[in-house]
Amino acid sequence: MDIPQHRLLVTGVPGPRSLRLAARRAAAVAFGVGSTMPVFAAHAGGGVLVDVDGNQFIDLGSGIAVTTVGASAPRVVAAVQEQVAAFTHTCFMVTPYEGYVAVAEALNRLTPGRHEKRTALFNSGAEAVENAVKIARSATGRPGIAVFDHAYHGRTNLTMAMTAKETPYKQGFGPFAGEVVRAPLSYPFRDGPAVDGPAAAIRAIDEIRRQAAAEDLAALVIEPIQGEGGFIEPAPGFLPALASWCRANGVVFVADEVQTGFARTGAMFACEHEGVVPDLVVTAKGIAGGLPLSAVTGRADLMDAPQVGGLGGTYGGNPLACAAALAAIETVEAGELVARAAAIGDLMTTRLRGLRAADPRVGDVRGRGAMIAVELVEPGTTTPDPALARAVAAAAHQQGVIVLTCGTDGNVLRLLPPLSISDDLLTEGLDVLAGSLAATSPLCPARPV
Ligand SMILES: *Cc1c(COP(=O)(O)O)cnc(C)c1O
């Protein structure tokens, strides 16, 4: 269906139908499953989500960076319809099919580096991260994994151990998998100019070596731009220095591009901004236009280390998800969405830097492409202000804009619009956000921008 591309509120937020569904939900769905928005979805497409009461929201979240090509991209819809009529499932481990192979070929072609590669497909980002660790351990014969402060790698037992933030992701869910060491990240807003990228890498490596010998480390796993942790973009030189230390020490360098991949940051993969070629790349989220799919892609010698039957899963590389992925990749390439993400980034950062200049509560504006964050702080300090972030996001939701928060302290607004959004709609979304910020906290009114 063609959804009119504008914001429209016809009831309160939430409206009566959403309220009725919320009551059913409370009685039927486990309490631990949270939701950002108080409304229930009916349709989505372009840059708009329509709720069950007919309210139309500007989507600045893309279902957490998943619907990068749009929530119902025409190519994806057509490809899935064709595949669902042919067969829904055979299990690639029982009777293989071409779609899985074609997705592997596409990922081998698109990920950084021209070396020989292989790919294995899974269902979720966390599952793919776990498999990257399995592959690195199998190839190196070593147990250890190095990860970073503010890291987010998923909700399974091993990936909870790799994730930094305690509440809500880990609280009450231990004991966790062992052999995980954690290092400080390069965080320019908090490090200041004294700690540049290479210096931050030395600091991180020193900390890793205090906790584990390099000879015991299978892999170093890092998000090239952190997602849930606050869209933290390390200082230039940080990633290349870590990658070369890994190379020198036989440690597999794994880029978790689950959130940053598939054009999101104005490059097909965020590692490209620094010219880093990872040994293994983990992808999910934006890979398949909203269908569940994830992948590990990387050096053939590493990928081929596990024994036959050692990798897989019942649904991994499901035929519908593979058809969707091929169509999503075609949409990215045909629609020049890498360039579109960069243009969206320019529009957002120009506007948000104006906001920062006018409002001392905006500590930092950072990120790349269609992955931009606003870190909110107590005026003129680096002290996080999560209450402000919550209030601004809630005000934007009431005004018909879907915006998410993130960060270890929950004080970061994150903007992840679908690349199918128009400039007009995006600008209106940013207007609402600016208005929400100005309207929050009368003690410190923002000057108009
Ligand atoms: C979302 C995310 C994951 C986990 O993906 P799921 O599909 O939710 O399991 C892992 N790593 C990063 C960087 C993510 O953003």
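This write-up is about the structure you can find in this document. A quick note: this is a predicted structure, and the numbers were derived from the prediction, not measured.

Spatially, the four strands line up as an open sheet ordered β1-β2-β3-β13, and their pairing is mixed. Each end of this open sheet is capped by a strand with a single partner; those strands are β1 (41-45) and β13 (401-402). Across three bridges, strand β2 (residues 48-51) lies against strand β3 (residues 56-59) in antiparallel orientation. Directly across from V50, in β3, lies its bridge partner Q56. Sitting on the sheet, helix α14 (residues 423-439) is in contact with β2, β3 and β13, with an inclination near 95° to β3.

This part takes up the site of the ligand. In the vicinity of the ligand, the residues found are S124, G125, A126, Y152, H153, E223, D256, V258, Q259 and K285. Here an oxygen atom of the ligand and a backbone polar atom of G125 are 2.7 Å apart. K285 places a polar side-chain atom, nitrogen or oxygen, 2.6 Å from an oxygen atom of the ligand. Protein chains bury 83% of the 390 Å² of accessible surface belonging to the ligand in isolation.

The next thing to look at is the sheet that holds strand β5 (residues 144-148). Taken in spatial order, the seven strands of this open sheet run β4-β10-β9-β8-β7-β5-β6, and their pairing is mixed. Edge strands, defined here as strands with exactly one partner in the open sheet, are β4 (117-122) and β6 (180-183). On average, each strand axis in the sheet is inclined to that of its neighbour by 20°, with strand direction left out of account. Where β5 and β6 come together, four bridges link them in parallel fashion. Paired with A146 across the bridge in β6 is V181. Sheet strands touched by helix α4 (residues 98-110): β4, β9 (280-283) and β10 (294-299). Its angle to β4, the strand with the most contacts, is close to 130°.

All right, on to α14 then. For α14, with 17 residues, the first-to-last C-alpha span of 24 Å sits near the 24 Å given by 1.5 Å per residue. All buried positions along α14 are accounted for by L425, L426, G429, L430, V432, L433, A434, S436 and L437. Directly beyond the C-terminal end of α14, a positive phi value near 65° is found at S441.

One pass over the structure, following the stated rule, counts four cavities of 30 Å³ or more. Of the voids in this model, the largest cavity is the one considered here, and its volume is about 40 Å³. Residue composition of the lining of the largest cavity, by class: four nonpolar, four polar and two charged.

About the cut-offs
Residues numbered from 1 in each chain as written. Predicted model: local features only at pLDDT ≥ 70, side-chain atom pairs only at ≥ 80, totals over all residues. Heavy atoms only, no water. Pairing = 2+ DSSP bridges. Helix = DSSP H or I, 4+ residues; strand = E, 2+ residues; numbered from the N terminus. Contact = heavy atoms within 4.5 Å. Axes fitted to C-alpha atoms, helices over the stretch in contact; angles between N-to-C directions. Near = heavy atom within 4 Å. Polar contact = N/O pair within 3.5 Å; in protein donor to acceptor, adjacent residues only side chain to side chain. Areas by Shrake-Rupley, 256 points an atom, 1.4 Å probe, with all protein chains shown as cover. Expected span 1.5 Å × (residues − 1). Buried < 20%, exposed > 50% of the residue type's maximum accessible area, 1.4 Å probe, protein only. 1 Å grid on protein atoms, 1.4 Å probe; cavity = no way out; pocket = protein on both sides within 12 Å on 5 of 7 lines; lining within 4 Å. Points joined across faces, edges and corners; volume = space filled by probe spheres on them. Nonpolar A, V, L, I, M, F, W, Y, C, P; charged D, E, K, R; others polar.

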